[in-house]
Amino acid sequence: MTQAITVTLLTGFLGAGKTTLLNHFLRHHQGAPVAILENEFGAASIDGALLERGDGVSVVELSNGCVCCSVRGEFAAALEALLDRRARGELAFERLIVETTGLADPGPIIQTFFVEERLRDALRLDAVITLADCQHIARQLDEHPVAAAQLGFADRILLSKCDQVDDAIRDAAIARIHRINHKAEILDVQQGVCPPSLWLDLDAFTLSDELPLSQGVRIVRAGASVFAPLSGQVRSRHDTIEAHLLEGGVLDLKRIGAFMEQCIEHYGNDMLRYKGVLAIAGEPRRLIVQGIHKVVGFDYGSPWEETEPVSQLVIIGRYLPIDALRQEFAAAQDAMAEPSPA
């Protein structure tokens with residue numbers, strides 16, 4: 001079988017620095033051939049003309065905002081056309097980076113890679129990378145719900161223009177972003193200078209035993225990085241998207257299965273991203289669950305062995321009755337049972 005092409009989805013509000021990041025990547029690109037699928041909201045491409053083309057780089061421009069469109073069909077057709085050109089030898093690429101318009105909701109775009117059969121086989125979505133402009137993100141979050149959605153769907157968040165604000169504004173922006181999505185690691189970058197290893201090949205959509213939660217921000221300068229803890233929490237009345245952590249012990253499989261089914265049925269449209277590593281009574285292995293809206297996958301991972309079983313479920317969503325969900329999650333526990341020995 002032909003190996004699937006790795007896809008990175010690059011999103012972020014207008015002016016966040018997506019093109020700057022791409023140009024830095026392209027100037028130093030020495031790997032396998034890469035294609036950039038770029039979307040413009042208007043009929044005339046502007047950012048496409050700003051990208052630096054070089055050997056092994058193909059830039060494909062889509063106009064009229066089709067990636068921004070809530071209908072997946074147009075985006076799926078664009079991807080299939082790209083694959084057809086590759087099959088005919090018109091384009092050569094082993095990696096695909098999709099740069100969306102700054103007005104795009106990533107949700108329909110992400111789902112396209114999982115519900116369209118040909119795309120699911122030919123393309124492997126690696127991660128969603130969101131850029132956020134530290135200077136303007138607070139206002140964007142207050143005025144544009146899509147800015148919060150872009151952060152909520154992210155696997156990694158690159159915070160730009162931190163050097164143009166004081167420490168108080170920077171810290172407030174980081175704390176607010178962290179409350180919206182505490183699963184994604186936050187990187188403070190300048191002028192798009194970020195090693196590809198920090199935003200490419202993250203395998204974020206692979207079912208894994210790990211459920212890392214961000215505890216701070218990584219400051220990236222000249223290829224080196226330093227970790228700094230969060231300095232506080234910020235919540236705004238404008239933020240409808242928020243990350244929630246549900247924790248428990250050993251769970252009854254039928255109860256937690258019913259809980260997940262009810263969540264997906266009733267709240268799936270408002271659950272942007274969710275991932276859980278769950279301990280199941282009578283089962284020595286971790287149960288991994290990961291989903292986007294109503295598209296969800298389950299699988300068993302590694303055994304608990306000497307690790308004390310702890311069930312954790314992170315949900316990034318909006319308008320969720322989180323107190324009720326916490327109670328229902330707790331009701332799925334089976335205090336009398338333990339996982340079987342490995």
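Residues numbered from 1 in each chain as written. Predicted model: local features only at pLDDT ≥ 70, side-chain atom pairs only at ≥ 80, totals over all residues. Heavy atoms only, no water.

S.K.: Would you mind going over the state of the cysteines with me for this structure?
M.R.: Each disulfide consists of one covalent bond between the sulfur atoms belonging to two cysteines. Counted by the stated rule, this structure contains zero disulfides. Free cysteine: Cys162, not disulfide-bonded; nearest cysteine sulfur from Cys134 at 4.0 Å. (Disulfide = S-S within 2.5 Å.)

S.K.: I tried to follow the pairing of strand S15 (residues 311-318) on my own but got confused; where do I start?
M.R.: When a strand is regular, its side chains alternate between the sheet's two faces. For S15, the buried fraction is high: seven of the eight residues fall into the buried class. Judged from the eight bridges that link them, strand S10 (residues 241-248) and S15 form a sheet pairing that is antiparallel. When the sheet's bridge partners are listed, Glu242 is paired in S15 with Gly317. As paired strands, strand S12 (residues 271-280) and S15 are joined by six bridges and run antiparallel to one another. Opposite Tyr274, over in S15, you have Ile315 as the bridge partner. (Buried < 20%, exposed > 50% of the residue type's maximum accessible area, 1.4 Å probe, protein only. Helix = DSSP H or I, 4+ residues; strand = E, 2+ residues; numbered from the N terminus. Pairing = 2+ DSSP bridges.)

S.K.: Looking at this structure, I do not really get helix H1 (residues 18-27). What am I missing?
M.R.: Two residues of an α-helix separated by three or four positions point the same way, owing to the 3.6 residues in each turn. By the criterion of burial, H1 is predominantly enclosed, with eight of the ten residues buried. Burial in H1 covers these residues: Lys18, Thr19, Leu21, Leu22, Asn23, His24, Phe25 and Leu26.

S.K.: I keep staring at the nonpolar core and nothing clicks. Help me out?
M.R.: For soluble globular proteins, the rule of thumb is that nonpolar side chains tend to be buried together. Formed by 82 residues in total, the largest nonpolar core has its most connected members in Leu96 and Trp199. With seven residues, strand S5 (residues 123-133) is the largest single contributor of residues to this core. Setting aside residues up to four positions removed in sequence, Trp199 forms contacts with Thr8, Leu21, Leu22, Phe25, Ile97, Ile129 and Cys194. Phe259, Ile264, Leu320 and Phe329 belong to the second largest nonpolar core, which has 20 residues in total. (Core = buried A, V, L, I, M, F, W, Y, C linked by side-chain atoms within 4.5 Å. Contact = heavy atoms within 4.5 Å.)

S.K.: Whenever I open this one, the confidence of the model for the protein confuses me. Can you help?
M.R.: Regions with low pLDDT should not have their predicted coordinates read in detail. On average, the protein scores 87 in pLDDT, and the residues at 70 or more come to 87%. Here residues 41-50 is a poorly scored stretch, pLDDT under 50, and it has 24 contacts once near neighbours within four places are set aside; other chains count. (pLDDT = per-residue confidence, 0-100.)

S.K.: Help me out: how do you make sense of the side chain of Lys183 in this one?
M.R.: In this fold, Lys183 is placed in the loop between helix H8 (167-180) and strand S7 (185-188). Residues within four places of Lys183 in sequence aside, it is in contact with Ala154, Asp155, Pro212, Leu213, Ser214, Arg273, Val314 and Ile316.

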